[in-house]
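Descriptive structure summary
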Amino acid sequence: MATTSTGDIEKTKSVEVKKKLNVLIVDDDTVIRKLHENIIKSIGGISQTAKNGEEAVNIHRDGNASFDLILMDKEMPERDGLSAIKKLREMKVTSMIIGVTTLADNEEERKAFMEAGLNHCLAKPLSKAKILPLINNLMDA
């Protein structure tokens, strides 16, 4: 509750503070990064992007960033999603990590991706309808 004073009359009003969702989008495809950025923006979140897993690891290693959610592609140059997730978890990154891949329907590939440290795995293309339930759970936690 916030109290404001105007002369002798005090008014009390409810102030709702809603935390902004902070997301790191990791994908080597420019179009996919833009699509994911637009989805996050459409739900009121803010995002930063990385072109590969190595950039994602470096962003965290520099210590200047903290994210509620990381959207991670599986197949990328320099450092793929599996390797990046393992490294981020070794670095004690506790963000929810959602794998976003064209291979989500392949059970063996999906299992390997999940075992690397994912919280969830979704198939490309990502949509607001696919990700919103996960974001709602994250923000309510």
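Residues numbered from 1 in each chain as written. Predicted model: local features only at pLDDT ≥ 70, side-chain atom pairs only at ≥ 80, totals over all residues. Heavy atoms only, no water.

**Things to note about the sheet that holds strand β4 (residues 46-50)**
One open sheet holds the 5 strands; their spatial order is β4-β3-β5-β6-β7, and the pairing between them is parallel. Two strands bound the open sheet, and with one partner strand each, they are β4 and β7 (120-123). Between one strand and the next, the sheet's axes are offset by a mean angle of 20 degrees, whatever the strand orientation. Direction of pairing for strand β5 (residues 69-72) relative to strand β6 (residues 96-101): parallel, over a ladder of 4 bridges. If you follow Leu69 over to β6, its bridge partner there is Met96. Relative to β7, helix α5 (residues 128-140) is tilted by about 160 degrees, and along the sheet it contacts β5, β6 and β7. (Pairing = 2+ DSSP bridges. Helix = DSSP H or I, 4+ residues; strand = E, 2+ residues; numbered from the N terminus. Axes fitted to C-alpha atoms, helices over the stretch in contact; angles between N-to-C directions. Contact = heavy atoms within 4.5 Å.)

**Examining a negative patch on the surface**
Taken together, the side chains of Asp28, Asp29, Glu75 and Asp80 make up a negatively charged region of the molecular surface. Take Asp29: it is sitting in the loop between β3 (22-26) and α1 (30-42). (Patch = residues over 30% accessible without salt bridge, like charges linked within 9 Å, V, L, I, M, F, W, Y side chains within 5 Å. Areas by Shrake-Rupley, 256 points an atom, 1.4 Å probe, with all protein chains shown as cover. Salt bridge = Lys/Arg side-chain N within 4 Å of Asp/Glu carboxyl O. Lys, Arg positive; Asp, Glu negative; His and termini not counted. Charge placed at Lys NZ, Arg CZ, Asp CG, Glu CD.)

**What about α5?**
When the terminal C-alpha atoms of α5 are compared, their 17 Å separation across 13 residues agrees well with the 18 Å that a helix rising 1.5 Å per residue should span. Residues of α5 that are buried include every one of Ile131, Leu134 and Ile135, and no others. Contacts from the buried residues of α5 go to α1, β5, β6 and β7. (Expected span 1.5 Å × (residues − 1). Buried < 20%, exposed > 50% of the residue type's maximum accessible area, 1.4 Å probe, protein only.)

**Let's talk about the side chain of Ser95**
Considering the arrangement of structural elements, one finds Ser95 in the loop between α3 (81-90) and β6. What makes Ser95 buried here is its relative accessible area of 7%. Excluding residues within four positions of it along the chain, Ser95 makes contact with Phe67, Asp68, Leu69, Ile70, Arg89 and Asn119.

**Details of the pairing of β6**
Taking burial as the measure, the 6 residues of β6 include 6 buried ones, the bulk of the element. Here β6 shows a buried face lined by Met96, Ile98 and Val100 and a second buried face lined by Ile97, Gly99 and Thr101. Considered for its hand, the β-α-β crossover made up of β5, α3 and β6 is right-handed. Where β6 and β7 come together, 4 bridges link them in parallel fashion. Bridge assignment links Gly99 to a residue of β7, and that residue is Cys121. (Right-handed = clockwise from strand over helix to strand, strands pointing away.)

**Topic: the nonpolar core**
Counting residues in hydrophobic clusters, the biggest one holds 20 residues, and the most contacted among them are Leu24, Val26, Ile70 and Met72. For this core, the secondary-structure elements that each account for two or more residues are β3, α2 (53-61), β5 and α3. Not counting the four nearest positions on each side in its chain, Ile70 is found in contact with Leu24, Val26, His60, Leu88, Val93, Ser95, Met96, Ile97 and Ile98. Ile25, Val100, Leu126 and Leu134 belong to the second largest nonpolar core, which has 15 residues in total. (Core = buried A, V, L, I, M, F, W, Y, C linked by side-chain atoms within 4.5 Å.)

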